[in-house]
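Next come the chains, spelled out residue by residue.
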Amino acid sequence: MILLMKFVRVALAVPLMRFFDYILPEQMQPVIGGRVLVPFGRQKRVAIVVEFAQETDIPKEQLKPVLNVLDDAGLFNDDMWNLLKWGAGYYQFSLGDVLFSALPVKLRNGESVVEKNKILWKLTALGEQAMVSGELKRAKKQLEALTELTKNPLEKGNNEFSAAIWSQLKEKRFVEEVTQPLQIIPWQIRLGGKEIMRAEQRLTLNKQQALALSRLLFHQGFAAWLLDGVTGSGKTEIYLQYIEEILKQDKQVLVLVPEISLTPQTVQRFQARFNVDIDVIHSNMNDSQRLLVWQRARTGQSAIVIGTRSALFTQFKRLGLIVIDEEHDNSFKQQDGGWRYHARDLAIVYAKQLDIPIVLGSATPSLESLNNVKNRKFKHIVLSHRAGAGSGLKHEVIDLKRQRIQHGLSDTLLRKMASHLEKGNQVMLFLNRRGFAPVMLCHECGWIATCTQCDKPYTYHQHQRVMKCHHCEIQKPVPMQCGACGSTHLVTTGIGTEQLEFVLQQQFPQYEVTRLDRDSTVRKGALENHLSAIKQGKSRILIGTQILAKGHHFPDVTLVALVNVDSALFSLDFRAEERLAQLYVQVSGRAGRAEKQGEVVLQTHYPDHPLLQQLLHDGYHAFANSALQLRRQMGLPPFSAQALFRAQSKSSEEAEQLLQQIASYFYDWKNRQNMPDLQLLGPMPAPFSKKAGRFRWQLLLQHPSKSVLQHALGQFNFENEVKSSQARWILDVDPQDLS
Ligand code: ADP
Ligand code: ZN
Ligand code: ZN
């Protein structure tokens, strides 16, 4: 009997770099890439089958049998399986966690893949009568629901009306449930005889665009294209027309964007342009909707999928093109949790594996991508002028040292604002600091109200009358007295967006002010309301953090100001300058998009800073070239590869000791392998050395060659090399954020 026993090796969503073996009962037939239910400790867990085995090293008495088989087909196609395996290896993360994180939540939890039949609400004859008879006059929501049904059927449990509304309507027999059998209709069939693209919407490309498109179309198979075009140069138009050609070849398209809620216009433009099925993956979707999109793409029902970072793990029946818009954007890198992948970098690997093209678009390409152009890894397409209307921009630096400044605003800036506003235009102010003031201190002794969990000053929020820590999000009442000397003379220093709003309302009482930041947009629908007030021209002065910088098109904005950029000029993070340059260019792109002359103003105490000088006089690409030269001289990425071990613990020593063990391992390895170029920095306290009550430490590994660093990391076995510790650690390969 024992001889017949077979084993199955599974991946579990646990942070261990190994698989788990289980006995496979004879009658069960799982598949590779499919799910099984297994006992794990005292729990039952969903697991993914990785391979079958005739033998196992686990002692017989410890082996347990598989409890149940959940899928009769694998959940991953070969391409996705290979990508995820590659991604687990490259980022040195558990394959189990990686596989699970690539699945919709419902599948992680063991729910069935087979789409259930849809149940729809249908209007009855009684319901139709009720709509006209006026008997629902007092039941507005019910009437609204019925009215919706006259336009299109609504799915049960998956629409904007509550279950209570439907049960009331059903009771009165105004609606009934009808079952719609599951149908898988490929997008091509759904399109019927219609054109893929609504022809009347197609723009005639200008020369640069036409040349760009023909280069794209002429190429077959894999290529990574950097579509490097100034804001408004018509990159999106090129995506749209390229996508049309790919769809004509019966293939599907994946579009990754940084943040959908901030750029609804991009999605609207796609939807307005095509007659095909477009699925959007956004953060407001529930788990059922996500599962549905996952299935639609996999079965070829969607032609185009637009989504953020994790949409990369959507599987397609036949993917023909990947587009990454704003490729320089940081949000493509997973910054928290365990698996810190970079969606752009993985997407390139994926495209290569599929032998399909990938287009990376940006007005401010990352230095990594520009370097890849130099290395001939990427092909370069440059669009140097605006496609639509838009006149030139005037740039000006205001030296804060020589001016009277009120609440962070110089007299010059206030004068300029007045002049643009008087002409009926809008002005936009950027400040990357929400709240009223970043510091509250005692005027008598200098005590600063500080978050004890993070050792950083609280930000004063006047609107809500609270102190907030922006690192751990803890909130405290505003202190009445100094915590050290008891004085009641507390003052704030520094300026946040709330303060700007307050001051500008006083300076310009005749104009409406809108503030856009994380605080003013938490309520559902608040962002949309603000944006529409701006669009309609009701609001004339716009204040915002970075969220205002992304993609919005406000034709009447003629003056854009960066209120203060000094912290970025002297940051410890070697990427801070690149980010400032990108922000500056993106922000400038908000001005003068229409026929009107635009003006960009930057306030700083350091107007002679070489970065600012170069950016303003010679533009982003000149800046990028010198920044790349500097990185080369200093051996920083992209001229070296980095990996960052981070540890945190309530005890600072514990976190340090953990990293010390890892460091000694790598010092040893370096000597044994004779790898003098492997640099180790640390363990050292992280720049944010304490957060939410935990001490944070770092150990940075750097080597000129990516593959050598990969090799070193690949040989490291945490479980063997490091004594168990209370400290938690993670590894961040190609870290983007060194704080
Ligand atoms: P980007 O994506 O580079 O910012 P868009 O594709 O959004 O540029 O184009 C900017 C503006 O120019 C849009 O209003 C767009 O409709 C217009 N536009 C783009 N291409 C053309 C063209 N060939 N002819 C006329 N207008 C164009
Ligand atoms: Zn004091
Ligand atoms: Zn805190």
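Residues numbered from 1 in each chain as written. Chains lettered and ligands numbered in written order. Predicted model: local features only at pLDDT ≥ 70, side-chain atom pairs only at ≥ 80, totals over all residues. Heavy atoms only, no water.

If you tally the helices and strands in the chain, you get 23 helices and 34 strands. Principal axes of the C-alpha set define a box for the chain whose edges measure 90 × 85 × 65 Å. A separation of at least 24 residues holds for 75% of the contacts in the chain among residues at least 6 apart in sequence. If you sum the accessible surface of the chain, you get close to 35,300 Å²; carbon and sulfur atoms cover 50% of it. Both charge centroids of the chain, one from 89 positive and one from 73 negative side chains, sit 2 Å from each other. (Helix = DSSP H or I, 4+ residues; strand = E, 2+ residues; numbered from the N terminus. Contact = heavy atoms within 4.5 Å. Areas by Shrake-Rupley, 256 points an atom, 1.4 Å probe, with all protein chains shown as cover. Lys, Arg positive; Asp, Glu negative; His and termini not counted. Charge placed at Lys NZ, Arg CZ, Asp CG, Glu CD.)

At 2.2 to 2.4 Å from the zinc ion (ligand 3) lie its protein donor atoms, namely C451 (SG), C454 (SG), C469 (SG) and C472 (SG). Because the angles between the 4 donor atoms bound to the zinc ion (ligand 3) fall within 105 to 112 degrees, the donor set is best described as tetrahedral. All donors to the zinc ion (ligand 3) come from one chain, and their sequence spacing reads C-x2-C-x14-C-x2-C. The exposure class of C469 is buried, given its relative accessible area of 0%. (Donors = N, O, S within 2.8 Å, 3.2 Å for Na, K, Ca; no water. Tetrahedral: all angles 85-135°; square planar, octahedral: opposite > 155°, others 65-115°. Buried < 20%, exposed > 50% of the residue type's maximum accessible area, 1.4 Å probe, protein only.)

The next subject is the nonpolar core. Within the largest apolar cluster, 117 residues are counted, with the highest numbers of intra-cluster contacts made by I322, F645 and F666. Looking at this core element by element, the count peaks at 8 residues for helix α21 (residues 652-672). Within the second largest apolar cluster, 36 residues are counted, among which are L213, I238, I246 and I278. (Core = buried A, V, L, I, M, F, W, Y, C linked by side-chain atoms within 4.5 Å.)

Let's shift gears to the coordination of the zinc ion (ligand 2). In this structure, C442 (SG), C445 (SG), C482 (SG) and C485 (SG) serve as the protein donors to the zinc ion (ligand 2), at separations of 2.3 to 2.4 Å. Here the zinc ion (ligand 2) is ringed by 4 donor atoms whose angles at the metal span 103 to 116 degrees, and the overall shape comes out tetrahedral. Linear spacing of the donor residues for the zinc ion (ligand 2) on their chain is C-x2-C-x36-C-x2-C. With C445 in the loop between β20 (439-442) and β21 (450-451) and C482 in the loop between β25 (475-477) and β26 (490-493), the pair connects residues that are 37 residues apart, well separated along the chain. When its relative accessible area of 43% is taken as the criterion, C445 is described as partly exposed.

All right, on to the environment of N109 then. Examined against the element boundaries, N109 turns out to sit in the loop between α3 (105-108) and β6 (118-123). Under the relative-accessibility criterion, N109 is labelled exposed at 56%. C-alpha of N109 to C-alpha of A47: the two residues are 62 residues apart in sequence and 9.9 Å apart in space.

Here, the residues flagged by UniProt with the feature "binding site: Zn(2+) 2" (unreviewed entry) are C451, C454, C469 and C472. In summary, the annotated positions, though distributed over 22 residues, converge in three dimensions, the widest C-alpha pair being only 8.7 Å. Topologically, C454 is positioned in the loop between β21 and β22 (456-457). The exposure class assigned to C454 is buried, which follows from its relative accessible area of 1%. For C469, the location among the structural elements is in the loop between β24 (466-468) and β25. Setting aside its immediate chain neighbours within four residues, C469 contacts C451, C454, Y458 and I474. (UniProt positions renumbered as here; feature names shortened; annotations may be inferred.)

Attention shifts here to the packing of α21 against helix α22 (residues 706-715). Running from amino to carboxyl end, α21 crosses α22 at an angle of 120 degrees, the nearest separation of the two axes being 11 Å. Accordingly, the angle class assigned to the pair α21 and α22 is oblique. In the packing of α21 onto α22, the handedness of the crossing is right-handed. Between α21 and α22, the residues in contact are Y665, F666 and W669 and H711, A712, L713 and Q715, respectively. For the contact of α21 with α22, the class distribution of residues is 5 nonpolar, 2 polar and no charged. (Axes fitted to C-alpha atoms, helices over the stretch in contact; angles between N-to-C directions. Parallel < 35°, antiparallel > 145°, perpendicular 65-115°, else oblique. Left-handed = near helix turned anticlockwise from the far one by under 90°. Nonpolar A, V, L, I, M, F, W, Y, C, P; charged D, E, K, R; others polar.)

Walk down a regular strand and you will see the side chains alternate between the two sheet faces. On strand β12 (residues 304-307), burial covers both faces: I304 and I306 on one face and V305 and G307 on the other are all buried. Sheet analysis places strand β11 (residues 278-281) next to β12, joined by 4 bridges and oriented parallel. By the bridge assignment for β12, I281 is matched with G307. The parallel pair β11 and β12 is bridged by helix α11 (residues 287-298), and the resulting crossover is right-handed. (Pairing = 2+ DSSP bridges. Right-handed = clockwise from strand over helix to strand, strands pointing away.)

What follows concerns the packing of aromatic side chains. Inspection of every chain in the model, using the stated rule, returns 21 aromatic pairs. When the centroid spacing of 5.7 Å and the interplanar angle of 75 degrees are considered together, the rings of F436 and Y460 count as edge-to-face. Linking F436 in the loop between β19 (426-430) and β20 with Y460 in strand β23 (residues 459-461), this pair joins segments that are 24 residues apart in sequence. The class of F436 is buried, set by a relative accessible area of 8%. (Phe/Tyr/Trp six-rings, centres within 6.5 Å; stacked < 30°, edge-to-face > 60°.)

Turning our attention to the side chain of K106. Residue placement: K106 occurs in helix α3. A polar side-chain atom of K106 sits 3.4 Å from a polar atom in the side chain of S288. With residues up to four places along the chain from it excluded, the contact list for K106 reads R35, E111, D287, S288 and L291. (Polar contact = N/O pair within 3.5 Å; in protein donor to acceptor, adjacent residues only side chain to side chain.)

Bringing the site of ligand 1 into the picture now. The immediate surroundings of ligand 1 are formed by 17 residues, with T204, Q209, K235, T236 and R269 found nearest. In this structure, an oxygen atom belonging to ligand 1 sits 3.2 Å away from a main-chain N or O atom of E237. Here ligand 1 has 550 Å² of accessible area as a free molecule, and 73% of this is covered by the chains. Counting residues per element, the shell around ligand 1 draws most heavily on helix α9 (residues 235-248), which supplies 3 residues. Taken together, the residues of the shell around ligand 1 break down into 4 nonpolar, 9 polar and 4 charged. (Near = heavy atom within 4 Å.)

Turning next to helix α1 (residues 78-90). End to end, α1 covers 18 Å across 13 residues, agreeing with the expected 18 Å (1.5 Å per residue, within 8%). Looking only at α1, the buried set comprises M80, W81, L83, L84, G87, A88 and Y90. Buried residues belonging to α1 abut β4 (43-53), α2 (95-101), α12 (343-354), α22 and β34 (728-733). (Expected span 1.5 Å × (residues − 1).)

Here 6 strands make up an open sheet; going across it, the order is β16-β30-β29-β19-β28-β27 and the pairing parallel. Each edge of the open sheet is held by one strand with a lone partner, namely β16 (393-399) and β27 (512-516). Strand-to-strand, the axes of this sheet are offset by a mean angle of 20 degrees, without reference to chain direction. Sheet topology note: the strand β29 (residues 557-562)/strand β30 (residues 598-604) ladder contains 4 bridges and is parallel. Across the sheet, the residue bridging to L562 is L602, located in β30. Helix-sheet contacts for helix α18 (residues 576-588) involve β16, β19, β29 and β30, and the interaxial angle to β29 is about 160 degrees.

Another point: the pairing of strand β28 (residues 539-544). Of all 6 residues in β28, 6 are buried; the element is thus mostly enclosed. Here β27 pairs with β28 via 5 bridges, running parallel. When the bridges of β28 are listed, T514 appears paired with L542. Handedness of the crossover joining β27 and β28 through helix α16 (residues 526-535): right-handed.

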